Structure formats: structure tokens, C-alpha cells
Amino acid sequence: MRYLAATRIALFVGLLCAAVLTGCGRRANTTENPGATLADGWQNFRLAEYDLAKQDFSAALASTEKGPDEYLRAEFGLANVWNLRRPGEDPARAKKLYEQIIKEAPDHDLAAWSALALVRMQHVVPVGHDPDYPAVQAGYAALIKRYPNHLAAKEATIYQNAILIATLETNQLWQAVSNLTAYIENGATEFRAPAWSLLAVCYQSLGMQRERLNAEIKSFENVEIDPANPFNEYAWAYWNIATIAEFEVGDFDLARQYYKQLIKEYPADIRVFPSKEALARMDRVEDELRAGKQVTR
Amino acid sequence: MIRLIFGFLRSYFAIVVVGATFIWSAVAIVSHRSAGVPPGAIIIRLGHWQLEASVREAVDKMAKEYREKINPNVYLIQDAIPEGTYGQWVSTQLMGGTAPDILQVGAMLPGNIWLSYYQRFFLPLGRYVERPNPHNAGTDFASVPLRKTYKDGMKTAYVDEMQEYMSIPLAQFGSRMFYNRDLLKKLTGLDAPPDEWRAFLKVCETIRSQTGEDGRNYIPIACSQYHFGMMGGLMWEPLTYRATEKADFNRDGSVGNDEQFVAFQTGRLDFDFLPYRARFKMIEELTPNFQSGYTGLTRDEAVFLFAQQKAVFMATGTWDARSLQEQASGEFEVGVMQYPFPTPDDSFYGPVAPARPREQVGTGFQFGIARSSQHPEVALDFLLFLASRMGNQELNQIIGWIPAIQGTETDPLLRAFRTEHHRNLSGDELHARRRNRCALEPVAGAVPSWTNQLSGICEGIQTVLFGTRAAGLYGTEPRLASRDATQRNLPRWHPRTRAVQRRRRGHDRVGALPCTYRESPGLGGVEPQPPAQVDGQGHRERRCRPVRVFTRSP
């Protein structure tokens, strides 16, 4: 009798476990639509669920014929998983997939992004390692040449010039000034503010403070805004321009203009009090100088 | 038969007890919840961690009002969960698909966990915040977008990483010094305590010198490990404001950890720097007025001391205001004052206390809507009702908190939290919630250039990485998405984005720029000298001399 009861209980527990385990499994992706699978893949990628993303991209890859747009997108998704996941990255596999995309569809939109990803893999190395700068520069240059006007090429332009600026060497800095000026004059709308911002950094390194100030103002004027973002505020920009104008260029009128703008537009900002101090300070300095006094701090 | 049942019970007694308890619990919960709810009614569940009686009472009252005025078919059930278990509870509810329709969000779990929950389990509310709140019809806000009706522009609800609004905040919070008005009068003869530092210390000394009925000395300030930090933000940390004059290298109005490190390394700052000495001095002067062993005590133990009238002052926030008032009811009157602070003419603190600190009041008590909700539109409408001008005012008046919506009246007890009470005699305000923030000194002028340079380079790079590129890659229509992302790309004016980007750099190779530094005397950095001349318009010409700086090596 006892033996029978124990058997029944064991059977019941076994069935319960089986039911639970069945329920725990990931729901099979029954959809035949690779587009939906790709969307799932990107969603999982965003959620840092890289194993799931890999499954989705692999499934999309397996369910699509080689060549069409969705196949390339699946390849690109999978390449990004291997490239960017932490931990468990596999740069070799990522590189192979990116190269495959470029080989299979060299004129496809994703070929340009794959080319950029390949150069970025060379450029962005772990802390303690130095990138092979000549190779990286050559990579960006080739990309810009191969895909002119593509968004990836414009992004590459920014990276390329950032490398030049980081050297702090005069020749390289002037080269960056030339490149960035040409980029801006070409009328590019994307990355315009960052380009001006990098120019400001160039001018600062070259000791050209007036030009730096102008570039900072241009960068501010071209800043791209999400009107829905409640954190949009220009107090920092006003402060930045005002302090450069006051301390680096000595253009007190411009400095006053931006300090006052900050006080007016952002009365609750943390920089309001020091802006008021700055206005009083500039008045005091000017009065003392006009009175022929030696100005001390 | 009876023997069989008895035998079965004897063998499986434990299982039977557990099963019976479970069934009894389920029946009890279901019957309790359905009590008073007519069949066919829409039931909205709301989960939160506010166990204060006034919160539950206020939410119930507002739900009743919503039912009477707006939708007679909606009934609200609250799940008030203790803080200690809220995180686990909300996780299991969300993962199990049994979450309440409305959940309090934003705390009790790490920020990154909330971020993943927002993405997986909550409805984005971005499309609603740009529309007027329908419950503001007939008021000045009838055609004002919801987010613009908030005192803080609804910043708390915005999740940077998602570029989305994910919750509806309902109250604001601030911190002040609360005091026992009757005890203060009895011990010092004063009707209101002074908010000037020296005078306040004298009052504390007077209190400390007197003994109660039990023969023990009165405690001037009830404190604990919880309360200590609260005071620091508005008392001793603002004293370090002048550090920005020495080390705000990138001129963003604050001294970051990196800037402070460089300033110490280069000798621009040290622990003898007056603002830093002042900070420690203030702590040294204040702490003898706490009860002994305060660092090991918890929040409740300090509250007991205050409620038992053994201490005169206690620092806490608006969230405790109503509870303190209720505990003191019939015993003593609770007063609220701003934190004591030195005046600019103070012999020691004067140079580092140019103005009274002003806090940035935070918004909270925020609620998200679960994706699993059966009635998300009703849940949203109820939250909008609570976020309407009149609804928010009424809700917070019952609770005793500060409304989050503009144009609302604050409870009389909390009037001391209004910003006009923060002004000093000259009308200036020193925003100094965080240490080392705020100013640029008259003399600091130009600073070693590497920080600007580095941040310029890094920002330039990061700018292109976040937003434009992401949408270009992940958008379903790449070109359109790229353009859209260009609009969303918020590079340098956004301090929180920069912070997020900095954090990401540690985990994601995208955006990481290998940087090493070497000391490079005489290169690049300049320090200002007094201007040599001024032209007719008052413009001056600067002369600079090189100083030792750090430069970046590729």
C-alpha cells in the first residue's frame, strides 16, 4: 500500500517537474517572418540579452536566402553581437561577418557601416593597448573615399580628425583645421556641431582663442535638439562661452551678454550666482583699469 | 472510510496543512479585494512602498473622487509593500506577469535594474506628456502640455537611456530642520530658532546645559547615520564652493573627481585650503550637539528622541512632515526652519560662505504603468487625474507633501520649503546642493588646458556615437531614422548624458578613447596675469605665462 502511494507521489512530482520545465523553456519563435525575428533580435540586443539576440539573428539568417536585404541585416546583427557583447565577445567572428557583408553586397547601406565597424575595431582597443594609428587613419580614409556622403563616412571624418587633434602636434592640428573647415563648408548637416566643437579644440591647442570662441559659438548654434527632452538647457553653453570670452579673449561685452542670458533664461541654475559675481568682477576690473590702477586679483 | 481518511491525514498531514492554508489565503485575498467592488467594475491595482497612513488614505480618497467625478466604474486597490521587500516583490510581480496596473518606480532597486524593467515591463508615456492633461480643462493649463505643468519640467520621469518618459511623478521633496516649538520656548525662551550659524550654536549650547525630569541633559539635535548626510548637503558641503575657483578646469561650474585629483596632484588644492578646512570645522562644531553614538543609530531611533521630547531639533524631509505632526499632536507644536548657515561677515566662515545655499528640490512619488495592465488607458487617466492641478494639490494636502504641479498651494507646515524662504539678505542665492559646485573665481581665469582639450575630444567623439549612429544602425528605416536621430542627438549640453556616456565607456568599447597622460612642463597651459591694458570699450588684453600642466599623449 505504502509502496503504491510512494509510486503515485513520485509519478505526480515527476509530471509536475516536467510541466514546470516545459513552461520554463523559451517560447519558440513560431513566426515565419524574418523581419519580426530581426526586430526581436535588436530588442534583445538593446536589453543586453546577447544570447537571445544571437539566437534571433541566427534564426533569421537560417530562414532567409543568401543575398536579400534581410539576410544582410541578420548578418550585421550577428556581427554586432559578437563585436560588442560583454562578456563573450568574439572579434574574429565579428570581423568575418562584417567582411562577408562587404563582399556580398559592396554597395549596400550596411556595407558602409560594416566598413566603419571594422575600422572601429582597430581603433578602439582595450585600456593599456595602443591602436595602430596609421592603419586606423588609412581605414577611415578608405571608407570616406569608398562611401562619400554616407553617414558612416561622415562619422569616420570626425574620428579621423579627432586622432589628428589628439596628437597635439602643430602640423596635425592644422591638418585637422583644414579637414574640418572643408567638411563644414561642404554643407554637411550631420555632425556639424561636433565638427565645430573639434575645431574649437584645435584652436585652443594652437593658442588661437578668438577663433576658439567663434567655433564654440558656432558649435552651440548648430547643436541638435530633441524638443521632448526636459534636460535640454543651454546654461552650460552660455557659461562656457562667457568664461572663454572673459578669461581667454578678454571680450567683456560678449561675456556680459552670455552671463546675462544665463541669468535671465535659467534663474534657478547653479551658475547664476557666479554669473552675478562675474558681472560685478568685470565692472570692477574695468573701473580699476580706467582709474589707472594696477589690477590685482 | 473514516479510517482511510484518518490514515491519509496521518501520512500527508503537512501537505494538507500547506494546501489548506494556501486555499484559505487565496480565498481571503480574493474576497477581501472584491468586497465593495460590483461585478463588471474595472479594478485598477496600484503598488507602492509608502506605508505612511496619510498616503494610503490620500490615494483612496482620490480614487473615490475619481469614481464620483470621472468614471463611476473604476475601483482602485492598493498594494502597500514595505520598502525592505518592495524590490523583490516588484521583480516577482513583473516577471510573473501579475504586476499591478500602476507601480511606484525609481527606487528600492538599482537604477540599471529599473532601466531594464522599464524596457521590458512598462509602457512609454512620451506621447502623452506633450498633450494637455484633460483633467486640467477649465484651468490656465487647459492647453499646456502635461510636462510643462510640472515645476521641474517632468525631468524625473524622463529616462535618458531610453529617451522616453516612463512615469508620472506626483510630489516634490526637500529637507529642512524640524524643531519642537514648545520645548525650544521652554529651554531657551525663544519663539523661533535663529538660522545664523553662531547664534544657532549658542542656542544648542543653552539646550545642552539643561536637564530633563530624568536628570539627563537635553539633546539639541536628534541625529542618526540617516540624518547626517541630509544636513551635509545644505550645511557643510556648500562651504567648498570656492574650490571651483581653483579647480574648475573645464568651466562647467563644478569640480569633478578628475579635476580634484589634478588639483591635488599639482598643488592647487590641499587640505589646508580654507573651504575644505571650513567644511571639517563645521562638522566639528555641530556634532557635539548630537546624542552620543549617533553614527550607529538608525532613522527611527532619532525620530523617537524627537517625538519623546528629548531633543529639540531634527533634520528630515517633507516625507516625514505629516508623521511628525501626527506624533506630536496634542503634545507639542512642530516648526520648520531652514538649515543654519554662516553669514558672509562671519569671522571664520565668511570668506567661504558668500550666500545662503539653495537646494534643488527633487520630484518623486512617481508611477509607471505596467504593460501587463488590462486597462492601461484607465490607469493612465487616473494618474493624469492625480497630476492635474487640483488633483495634485488635493493629494499632497492630504499626505502633507509638496505638490509637483505648478500653481498649486502647499500645506502651511511646509511653507518653509518654498524657495522664497531660501533667500539671504542680499537676495542672492548660492545653489550648492553638491559640494565644490558653482563658481568661477575672479582670479582663476585660464586654467591648465588639458581638461578642456580632453573633454573636447572625447565629447566630439561621443557625440557622434550616441543617437545618430544608433538610430542609423537600429532604425527600421535607416535614412529616416538617422535624420530623426540627428534631432535627438544631444551632445554637450546635457550633463546627464555625458555621465551616462562616461559610465558606458567602461563597459562598451564603443566610445572608449585610449588616454594616457604625461606631465609636460611648459606646454599648452596658461595661467592668467592681470590684464595689461584695456581699450576704449573696456576690452582688455591678456598676458599669460606658462605653468606646469598635464597634456595628453596619443
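Rules of the game
- Residues numbered from 1 in each chain as written.
- Chains lettered and ligands numbered in written order.
- Predicted model: local features only at pLDDT ≥ 70, side-chain atom pairs only at ≥ 80, totals over all residues.
- Heavy atoms only, no water.
- Helix = DSSP H or I, 4+ residues; strand = E, 2+ residues; numbered from the N terminus.
- Buried < 20%, exposed > 50% of the residue type's maximum accessible area, 1.4 Å probe, protein only.
- Contact = heavy atoms within 4.5 Å.
- Lys, Arg positive; Asp, Glu negative; His and termini not counted.
- Charge placed at Lys NZ, Arg CZ, Asp CG, Glu CD.
- Areas by Shrake-Rupley, 256 points an atom, 1.4 Å probe, with all protein chains shown as cover.
- Axes fitted to C-alpha atoms, helices over the stretch in contact; angles between N-to-C directions.
- Parallel < 35°, antiparallel > 145°, perpendicular 65-115°, else oblique.
- Left-handed = near helix turned anticlockwise from the far one by under 90°.
- Phe/Tyr/Trp six-rings, centres within 6.5 Å; stacked < 30°, edge-to-face > 60°.
- Polar contact = N/O pair within 3.5 Å; in protein donor to acceptor, adjacent residues only side chain to side chain.
- Patch = residues over 30% accessible without salt bridge, like charges linked within 9 Å, V, L, I, M, F, W, Y side chains within 5 Å.
- Salt bridge = Lys/Arg side-chain N within 4 Å of Asp/Glu carboxyl O.
- Core = buried A, V, L, I, M, F, W, Y, C linked by side-chain atoms within 4.5 Å.
- Expected span 1.5 Å × (residues − 1).
- Pairing = 2+ DSSP bridges.

Peer 1: Would you mind going over the overall build of chain A in detail, with residue names and values included?
Peer 2: Scanning chain A from terminus to terminus reveals 14 helices and 0 strands. Reading chain A from its N terminus to its C terminus gives the helix and strand order α-α-α-α-α-α-α-α-α-α-α-α-α-α. When the 297 residues of chain A are sorted by exposure, 52% land in the buried category. Long-range contacts, defined here as pairs at least 24 residues apart, represent 48% of the contacts in chain A between residues at least 6 apart. Taking the average place of the 32 positive charges on the side chains of chain A and the average place of its 38 negative ones, the gap between the two points comes to 5 Å.

Peer 1: Report on the overall build of chain B, specifying residues and quantitative values.
Peer 2: Within chain B one finds 19 helices and 18 strands. Out of the 554 residues belonging to chain B, those deemed buried represent 54%. In chain B, 71% of the contacts between residues at least 6 apart in sequence involve partners at least 24 apart. Only carbon and sulfur atoms are counted for the fraction: they give 54% of the accessible area of chain B, which is about 24,800 Å².

Peer 1: I'd love a proper account of the packing of helix H3 (residues 83-96) of chain B against helix H4 (residues 111-121) of chain B, names of residues and values included.
Peer 2: Residues and elements named next belong to chain B. Axis separation between H3 and H4 bottoms out at 11 Å; the angle between their running directions is 25°. With respect to each other, H3 and H4 are oriented roughly parallel. Crossing of H3 against H4: the hand is left-handed. Contacts between H3 and H4 pair Tyr86, Val90, Ser91, Leu94 and Met95 from the former with Trp114, Tyr117 and Phe121 from the latter.

Peer 1: An account of the packing of aromatic side chains is requested, with residue identities and associated values reported.
Peer 2: Counted under the stated rule, the structure contains 40 aromatic pairs over all chains. For the ring pair B:Trp49 and B:Tyr86, a centre distance of 4.9 Å and an interplane angle of 75° mean the geometry is edge-to-face. Residue B:Trp49 is found in the loop between strand E1 (42-48) and helix H2 (53-69), and its partner B:Tyr86 is found in helix H3; the two are separated by 37 residues along the sequence. Accessibility classification places B:Trp49 together with B:Tyr86 in one group, the buried group. Ring centres of B:Phe228 and B:Phe290 lie 6.5 Å apart, and the angle between their planes is 90°; on these two criteria the pair is classed as edge-to-face. A residue pair is termed long-range when its members are at least 10 positions apart, and B:Phe228 in helix H8 (residues 225-232) and B:Phe290 in the loop between helix H11 (274-286) and helix H12 (299-307) qualify at 62 residues. On the basis of relative accessibility, which here comes to 7%, the residue B:Phe290 falls in the buried class. Site record: aromatic cluster; members linked through ring pairs are A:Phe220, A:Tyr234, A:Tyr238, A:Tyr258 and A:Tyr266.

Peer 1: If you had to explain the environment of B:Asp101 to someone new, which residues and values would you point to?
Peer 2: All names here are of chain B. For Asp101, the position within the fold is in the loop between H3 and strand E3 (102-104). The spacing of Asp101 and Arg371 is 270 residues in sequence and 7.9 Å in space, taken between C-alpha atoms. Apart from residues lying up to four places away in sequence, Asp101 is in contact with Ile43, Ile44, Arg45, Gly368, Ile369, Ala370, Ser373, Gln374, His375 and Ala379. Among the polar contacts listed, one links the side chain of Asp101 to the side chain of Ser373, at a separation of 2.7 Å.

Peer 1: Please provide a residue-by-residue account of a nonpolar patch on the surface, values included.
Peer 2: All names here are of chain B. A cluster of nonpolar residues, Met1, Leu4, Ile5, Phe8, Leu9, Phe13, Val16 and Val17, forms a patch on the protein surface that exposes about 790 Å² of accessible area. Locating Val16 in the fold gives a position in helix H1 (residues 2-34). A residue is classified by how much of its surface remains accessible, and Val16, at 30% relative accessible area, is partly exposed.

Peer 1: Go over the environment of A:Leu52 with me, naming the residues and quoting the values.
Peer 2: All names here are of chain A. For Leu52, the position within the fold is in helix H3 (residues 50-62). Residue Leu52 is classed as partly exposed on the basis of its relative accessible area of 25%. Sequence separation between Leu52 and Val124 is 72 residues; the distance between their C-alpha atoms is 26 Å.

Peer 1: How would you sum up the pattern of salt bridges? Please name residues and give values.
Peer 2: A full pass over the atoms with the stated rule returns 28 salt bridges over all chains. Measuring nitrogen to oxygen at the nearest pair gives 3.0 Å for the salt bridge that ties A:Arg73 to A:Asp69. With A:Arg73 and A:Asp69 both in helix H4 (residues 69-84) and 4 residues apart, the pair spans about one turn of that helix. The closest approach of N and O atoms between B:Glu130 and B:Arg147, which form a salt bridge, is 2.6 Å. A residue pair is termed long-range when its members are at least 10 positions apart, and B:Glu130 in the loop between helix H5 (126-129) and strand E4 (158-159) and B:Arg147 in the loop between H5 and E4 qualify at 17 residues. By relative accessible area, B:Glu130 is classed as partly exposed at 35%.

Peer 1: Just give me the short version of the nonpolar core, but keep the residues and values in it.
Peer 2: In terms of nonpolar packing, the biggest core is built from 63 residues, with A:Tyr98, A:Leu116, A:Tyr140, A:Ile165 and A:Leu199 touching the most fellow members. Per-element tally for this core: the top contributor is helix H6 (residues 109-123) of chain A, with 10 residues. Counting 44 residues, the second largest nonpolar core, distinct from the first, contains B:Tyr66, B:Ala157, B:Tyr158 and B:Phe365.

Peer 1: Tell me about the environment of A:Asp107, and name the residues and values.
Peer 2: All names here are of chain A. Turning to its location among the elements, Asp107 is positioned in the loop between helix H5 (91-104) and H6. Linking Asp107 and Arg146, residues 39 residues apart in sequence, is a C-alpha distance of 9.6 Å. Only 2.8 Å separates the side chain of Asp107 from the side chain of Arg146, close enough to count as a polar contact.

Peer 1: Help me get a handle on helix H8 (residues 151-166) of chain A, residues and values and all.
Peer 2: Residues and elements named next belong to chain A. If you check H8, its first and last C-alpha atoms are 23 Å apart, about what 16 residues at 1.5 Å a residue would give, namely 22 Å. With 16 of 16 residues buried, H8 lies mostly within the body of the structure. Phi turns positive one or two residues past the end of H8, at Leu168, with a value near 65°.

Peer 1: Outline the sheet that holds strand E7 (residues 175-180) of chain B, listing residues and values.
Peer 2: Residues and elements named next belong to chain B. If you walk across this open sheet you meet the 4 strands as E8-E9-E7-E10, and the pairing is mixed. Of all strands in the sheet, those with a lone pairing partner are strand E8 (219-222) and strand E10 (334-337), marking the two edges. Ignoring strand direction, the axes of neighbouring strands in this sheet form an average angle of 25°. As defined by bridge partners, E7 adjoins E10 across 4 bridges and the pair is classed as antiparallel. Along E10, the bridge assignment pairs Phe178 with Val336. Lying over the sheet, helix H6 (residues 181-188) contacts E7, strand E9 (311-317) and E10, oriented at roughly 60° with respect to E7.

Peer 1: Quick one: what's the story with unusual backbone geometry, residue by residue and with numbers?
Peer 2: Residues and elements named next belong to chain A. The omega angle of the peptide bond from Arg86 to Pro87 is -10°, so this bond is cis rather than trans. Mapping Pro87 onto the fold places it in the loop between H4 and H5. Of note, the phi angle at Ala48 is positive, near 65°, even though the residue is not glycine. With respect to the helices and strands, Ala48 occurs in the loop between helix H2 (34-46) and H3. Residue Ala48 is classed as partly exposed on the basis of its relative accessible area, which comes to 45%. Positioned with a positive phi, Phe191 is a non-glycine residue whose angle comes to about 60°. Residue position: Phe191 is located in the loop between helix H9 (170-185) and helix H10 (192-205).

Peer 1: A description of the sheet that holds strand E13 (residues 402-403) of chain B should follow, citing residues and the corresponding values.
Peer 2: All names here are of chain B. The 6 strands are arranged E2-E1-E3-E12-E6-E13 in an open sheet whose pairing can be described as mixed. Looking at which strands have only one partner, the edges of the open sheet turn out to be strand E2 (74-80) and E13. In terms of strand pairing, strand E6 (residues 168-173) meets strand E12 (residues 362-369) through 5 bridges, oriented antiparallel. Of the residues in E12, the one forming a bridge with Ala171 is Gly364.

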